[in-house]
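As a plain string of letters, each chain reads:
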Amino acid sequence: MILGHELVMSSSAAFAWSILPILLIGLRTTLLAMFAGFVIAVVVGMVFALMRRSQWKIVTWPVGFVVEFLRNTPLLMQLFFLYFVLPEFGVTLPAFWTGTTVLGLQYAAYMSEVYRAGLDALPKGQWEAATALNLSKTRTYRTVVLPQMIPRVLPALGNYLISMMKDTPVLSTITVVEMLNLANRIGDRTFEYLVPLSLVGAIFFVLTCVCSALLRGLERFVPQKGIALR
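Criteria and cut-off values
Residues numbered from 1 in each chain as written. Predicted model: local features only at pLDDT ≥ 70, side-chain atom pairs only at ≥ 80, totals over all residues. Heavy atoms only, no water. Core = buried A, V, L, I, M, F, W, Y, C linked by side-chain atoms within 4.5 Å. Buried < 20%, exposed > 50% of the residue type's maximum accessible area, 1.4 Å probe, protein only. Helix = DSSP H or I, 4+ residues; strand = E, 2+ residues; numbered from the N terminus. Contact = heavy atoms within 4.5 Å. Salt bridge = Lys/Arg side-chain N within 4 Å of Asp/Glu carboxyl O. UniProt positions renumbered as here; feature names shortened; annotations may be inferred.

Asks: Account for the nonpolar core, naming residues and giving values.
Replies: Judged by nonpolar contacts, the single largest core of 49 residues is most densely connected at Ile 19, Leu 23, Tyr 115 and Leu 157. For this core, the elements supplying multiple residues, two or more each, are helix H1 (12-52), helix H2 (57-72), helix H3 (75-85), helix H4 (95-120), helix H6 (137-167), helix H7 (179-190) and helix H8 (194-221). Tallying contributions element by element places H1 first for this core, with 13 residues. Apart from residues no more than four positions distant in its own chain, Leu 23 is found in contact with Met 179, Leu 182, Ala 183, Ile 186, Pro 196, Leu 199, Val 200 and Ile 203.

Next up, the structure:
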């Protein structure tokens, strides 16, 4: 019995059916980690991108170093550092939030470059027109920049969302009970790894296909040229 569910070993089909509810419990954790990490990445990535456009070197250099550090060090190393090293300095975070924070920060570094490319692709005349109309920076970004940038960066952000979902099994290394963690527990208990791991792979495959289809539909729905300043 795992998480209150009896395991039936009479046949592969019966075994798969008996462990499916257990894996679905882990699926909820997987989806929560993915969406929480994605929200962090979207917001922090935008902050990084805007800070790197600052005219002050005292701002751009430290942020650039942080972005390069996050991009060029392994996700697993960052995960272990936050989970095992920070408690030595009195900072202890729950395993789930440690994992989602690390996922969010690493993908924020990648997304910041996507945002920066989207901002640089905006025609210079749009910035000049906003300045000529005496628009504040906040209003310029809200009504001119973002409506034109979002359609350009949407495909890349969608790819990062799917990649983040496929990276969530790494959280099992710090005891987060997601699908792969539960599949390994089932295998350890029953000495049968083929069925639980195959089920996890099938669930990830279905989720990836569904997300890809939804993102393609969203890309068709959002106008690719955005909203130009008139």
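So, next bit.
Asks: Give a detailed account of the pattern of salt bridges, specifying residues and quantitative values.
Replies: Under the definition given, this model contains 4 salt bridges. The shortest N-O distance in the salt bridge between Arg 52 and Glu 113 comes to 2.7 Å. With a gap of 61 residues between them, Arg 52 in helix H1 and Glu 113 in helix H4 connect regions that are remote in the sequence. Connected via shared salt-bridge partners are Arg 52, Glu 113 and Arg 116.

Asks: Tell me about the UniProt feature "transmembrane region" (unreviewed entry) in the protein chain, and please be specific about residues and values.
Replies: Residues given the UniProt feature "transmembrane region" (unreviewed entry) here are residues 7-25, 31-51 and 193-215. Here residues 193-215 is 96% helix and 0% strand, with 33 Å between the C-alpha atoms at its ends.

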